[in-house]
Amino acid sequence: MSSIFYLLLIILFVEIFLSFYLKKLRSIFQWLIIRDIDLNFKLNKKKINKFKKNSYVSSLGWELKPNVEKFDYVKSFGEKSQKSFKKVKYSHNKNGARLNPNFESHKEKIISYGDSFVFNRHVNDNETWQHHLSKLTKSNVSNFGVGNFGVDQSIMRMSETIKKKRNRIVILGFVPETIVRIHSVWRHFYEYGNIFAFKPRYKLKNKNLKIIQNPIQNFSDINKLNKKFNYLTKNDYWYNKKFKVDLIEFPYILTIFKNFPRNILVIFYLSLYKIFSSNFFYNKAWRINLKNNFNCVIKSYEDENMVNLLAEEIRFFSQKVLKNNCKPLVIIFPYLKDIKYITGSDKVFYQNLINKISVF
């Protein structure tokens, strides 16, 4: 009996230690998710008000506010590879599109919708690809891109802004990662820590798209997330497929091993970071998270049902544009890591999607 008692005492001590230590690591690394923090729906009031003022839209989740200027600081490298920061300005016109300097009064021939690769994050208003295309076409190329948007949100935004447009080329641009975004209603379940990214999505039912509304229809709902929990977990593909798999909870001794080796390696490198204060170890933990997310993207394109949903959304986009007497154009913008994977494996991992949408 005494040996069992001591064993239980050791287990209890380890559990208590882990309950404090893991929360300490979580405070410096949001991708190490713990039930007590990441399913605790007490959101910071100051951050809630900032989100409401700057981004919240009930229909889409978030978008750019009209007549607003924002600034960002982007890493750049000067002489002798000295790291510096470049100040970048994002301006938005009265319609909420990104400002196109010197071309706002020109005739609009092309409209673009999509994610950050369409919005052109990290470059100034006069450095976007839309601005350069405006110079070539001597017209206004409108930019309705929004950072972190999925194809579903881009289509919904297009539906709100294109009603009176005719004889335009309408571009839908997106990164391959959009396939994970369109299966989510709360990005926190996939992109841990992105706690204000509530969004609508489509589901494919009997070959037809059905809209699943943004969980936060009224902004006051953001303080009632416990009541929304069933809605969130039911409609977000990634809650069961990813979030629950990575989630650490009591008993900690067991759950840190359930997705071996992901959590163990992250804890190991973060512990070394705490000991040696070296970003080398922190970046090691970060790369594990990036690799894990990229593997999710690859596997998503191997899932026929997931690809079918994305293909059907693109079909819906094309049909809607054509009905408006405009011409649809779809552009896939691969990340650098996507290109490296494709050149290294000699395999375009989203080829199945290309095959499906090529027949539209």
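Up top is the structure these notes are about.
Sequence order as written defines the numbering, with residues in each chain counted from 1. The predicted nature of this model means local features are confined to residues of pLDDT at least 70 and side-chain atom pairs, given and counted, to a pLDDT of 80 or more, with totals for whole chains, interfaces and linings taken over all residues. Hydrogens are left out, water is left out, and the side-chain values use all remaining heavy atoms of the structure.

S.K.: What should I look at first to understand the environment of Arg 121 in this one?
M.R.: Note on conventions: DSSP H or I runs of at least 4 residues are helices, E runs of at least 2 residues are strands, and numbering of each starts at the N terminus. In this structure, Arg 121 sits in the loop between helix 4 (116-119) and helix 5 (129-137). Spatially, the C-alpha atoms of Arg 121 and Lys 89 are 9.5 Å apart, while their sequence positions differ by 32 residues. Residues are treated as being in contact if the distance between any of their heavy atoms lies within 4.5 Å. The residues contacting Arg 121, other than those within four sequence positions of it, are Asp 72, Tyr 90, Arg 98 and Ser 116.

S.K.: For this particular structure, what's the right way to read the packing of helix 1 (residues 2-26) against helix 11 (residues 262-276)?
M.R.: Helix-helix packing is described using two parameters, namely the angle between the two axes and the distance between the axes. Here helix 1 crosses helix 11 at 75 degrees, and the two axes come no closer than 11 Å. Judged by the inter-axis angle, helix 1 sits roughly perpendicular to helix 11. Across the interface between the two elements, Tyr 21, Leu 22, Lys 24 and Leu 25 from helix 1 touch Ile 267, Leu 270, Ser 271 and Lys 274 from helix 11. In this count, Pro and Cys sit with the nonpolar residues alongside Ala, Val, Leu, Ile, Met, Phe, Trp and Tyr, while Asp, Glu, Lys and Arg are called charged and the others, Gly among them, polar. By residue class, the composition of the contact of helix 1 with helix 11 is five nonpolar, one polar and two charged. An axis is simply a line fitted to the C-alpha atoms; with a helix, the fit covers only the stretch in contact. Between two such axes, the angle follows the N-to-C directions and lies from 0 to 180 degrees. Orientation categories follow fixed angle ranges, with anything under 35 degrees roughly parallel, anything over 145 roughly antiparallel, 65 to 115 roughly perpendicular, and all other angles oblique.

S.K.: What is the right way to read the packing of aromatic side chains from this model?
M.R.: Two numbers describe a pair of aromatic rings. These are the distance of the centres and the angle of the planes. Two rings from Phe, Tyr or Trp (for Trp, the six-membered ring) form a pair when their centres are within 6.5 Å of each other. A pair whose planes differ by under 30 degrees is stacked, one over 60 is edge-to-face, and the rest are tilted. Taken as a whole and judged by the stated rule, the model has 38 aromatic pairs. Here the aromatic rings of Tyr 56 and Phe 219 are separated by 4.8 Å at their centres, their planes lie at 65 degrees, and the arrangement is edge-to-face. Residue Tyr 56 is found in strand 1 (residues 56-57), and its partner Phe 219 is found in the loop between strand 9 (208-212) and helix 8 (225-235); the two are separated by 163 residues along the sequence. In this structure, Tyr 56 and Phe 219 share a single accessibility class: buried. Between Phe 189 and Phe 243, the aromatic rings sit 5.0 Å apart at their centres with planes inclined by 65 degrees, giving edge-to-face as the arrangement. Within this pair, whereas Phe 189 is found in the loop between helix 7 (178-181) and strand 8 (201-205), its partner Phe 243 is found in helix 9 (residues 237-246), the two being separated by 54 residues in sequence. Take Phe 189 and Phe 243: they sit in the same class, and that class is buried. Pairwise contacts between aromatic rings join Phe 41, Trp 186, Phe 189, Tyr 192, Phe 198, Phe 229, Tyr 239 and Phe 243 into one cluster. Just above the ring of Phe 71 sits the side chain of Lys 87; from NZ or CZ to the centre is 4.5 Å. Lysine NZ or arginine CZ positioned within 6 Å of the ring centre and within 35 degrees of the ring normal marks a charge as sitting over the ring. A cation over a ring is seen here: Arg 98 above Phe 119, with NZ or CZ 4.8 Å from the ring centre. For the exposure calls, accessible area comes from a 1.4 Å probe over protein chains only, and a residue counts as buried if that area is under 20% of its type's maximum, exposed if over 50%, partly exposed in between.

S.K.: Looking at this model, I keep getting lost on the packing of helix 9 against helix 12 (residues 279-301). Mind explaining?
M.R.: Their axes nearest at 13 Å, the elements helix 9 and helix 12 cross at an angle of 155 degrees. By the angle class used here, helix 9 and helix 12 are roughly antiparallel. For the pair helix 9 and helix 12, the crossing hand works out as right-handed. Where helix 9 abuts helix 12, its residues Trp 238, Lys 242 and Asp 246 lie against Asn 292, Asn 293, Cys 296 and Ser 300. Of the residues that constitute the contact of helix 9 with helix 12, the class distribution is two nonpolar, three polar and two charged. Handedness of a crossing follows from how the near helix is turned relative to the far one, being left-handed for an anticlockwise turn of less than a right angle and right-handed for a clockwise one.

S.K.: Any chance you could explain the pattern of salt bridges here in plain terms?
M.R.: As a working rule, side chains carrying opposite charge can pair if their charged atoms are close by. The working definition used for a salt bridge is a side-chain nitrogen of Lys or Arg within 4 Å of a carboxyl oxygen of Asp or Glu. For the structure on display, the rule yields 18 salt bridges. Across the pair Asp 72 and Arg 121 runs a salt bridge, and its minimum N-O distance is 3.4 Å. Placement of Asp 72 in strand 3 (residues 69-77) and of Arg 121 in the loop between helix 4 and helix 5 is noted, with a sequence separation of 49 residues between them. Overall, Asp 72 belongs to the buried group, its relative accessible area being 16%. A salt bridge links Glu 108 to Lys 165; the shortest N-O distance between them is 3.1 Å. With Glu 108 in strand 5 (residues 108-114) and Lys 165 in the loop between helix 6 (151-161) and strand 7 (169-174), this residue pair connects regions lying 57 residues apart in the sequence. Because the salt bridges share partners, they merge into one network encompassing Arg 35, Glu 249 and Lys 258.

S.K.: Got a minute to help me understand the nonpolar core in this structure?
M.R.: Most often, soluble globular proteins keep nonpolar side chains buried together rather than apart. As used in this record, nonpolar core signifies buried Ala, Val, Leu, Ile, Met, Phe, Trp, Tyr and Cys residues forming a set joined through side-chain atoms within 4.5 Å. Membership of the largest hydrophobic core comes to 87 residues, with the highest contact counts inside it found for Leu 22, Leu 32, Ile 222, Tyr 301 and Leu 353. Filtering out sequence-adjacent residues up to four positions away, Leu 22 remains in contact with Leu 32, Ile 34, Ile 248, Tyr 252, Ile 256 and Ile 267.

S.K.: Is there a simple way to explain a positive patch on the surface in this structure?
M.R.: Each patch is assembled from residues with relative accessible area greater than 30% and no salt bridge, linking like charges that lie within 9 Å and nonpolar side chains (Val, Leu, Ile, Met, Phe, Trp, Tyr) that lie within 5 Å. Method for areas: the Shrake-Rupley scheme with a 1.4 Å probe, in which residue coverage is limited to the protein chains shown. Under the counting rule used here, the positive set is Lys and Arg, the negative set is Asp and Glu, and His together with the chain ends is not counted. By convention, the point assigned to a charge is CZ for Arg, NZ for Lys, CD for Glu and CG for Asp. Together, Lys 46, Lys 47, Lys 50 and Lys 70 give the surface a local cluster of positive charge. For Lys 70, the position within the fold is in strand 3.

S.K.: I tried to follow helix 5 on my own but got confused; where do I start?
M.R.: In an α-helix, one turn spans 3.6 residues; hence positions three or four apart end up facing the same way. When we look at burial in helix 5, the residues that qualify are Gln 130, His 131 and Ser 134. Angular distribution of buried residues about the axis of helix 5 spans 100 degrees; they occupy a single face of the element. Next to the buried residues of helix 5 lie strand 5, helix 4 and strand 6 (140-145). It is the directions from the helix axis to the C-beta atoms that the arc portrays.

S.K.: I would appreciate a short explanation of the pairing of strand 5 in the present structure.
M.R.: Each regular strand displays side chains that alternate between the two surfaces of the sheet. The buried fraction of strand 5 amounts to six of the seven residues, a majority that puts the element mostly inside the structure. Being paired, for any two strands, means DSSP has found at least two bridges between them. For strand 5 and strand 6, the ladder comprises six bridges, and the chain directions are parallel. Within strand 6, the residue paired with Glu 108 across the bridge is Asn 140. Here five bridges tie strand 5 to strand 7, and the two strands are oriented parallel to one another. By the bridge assignment for strand 7, Ser 112 is matched with Ile 171.

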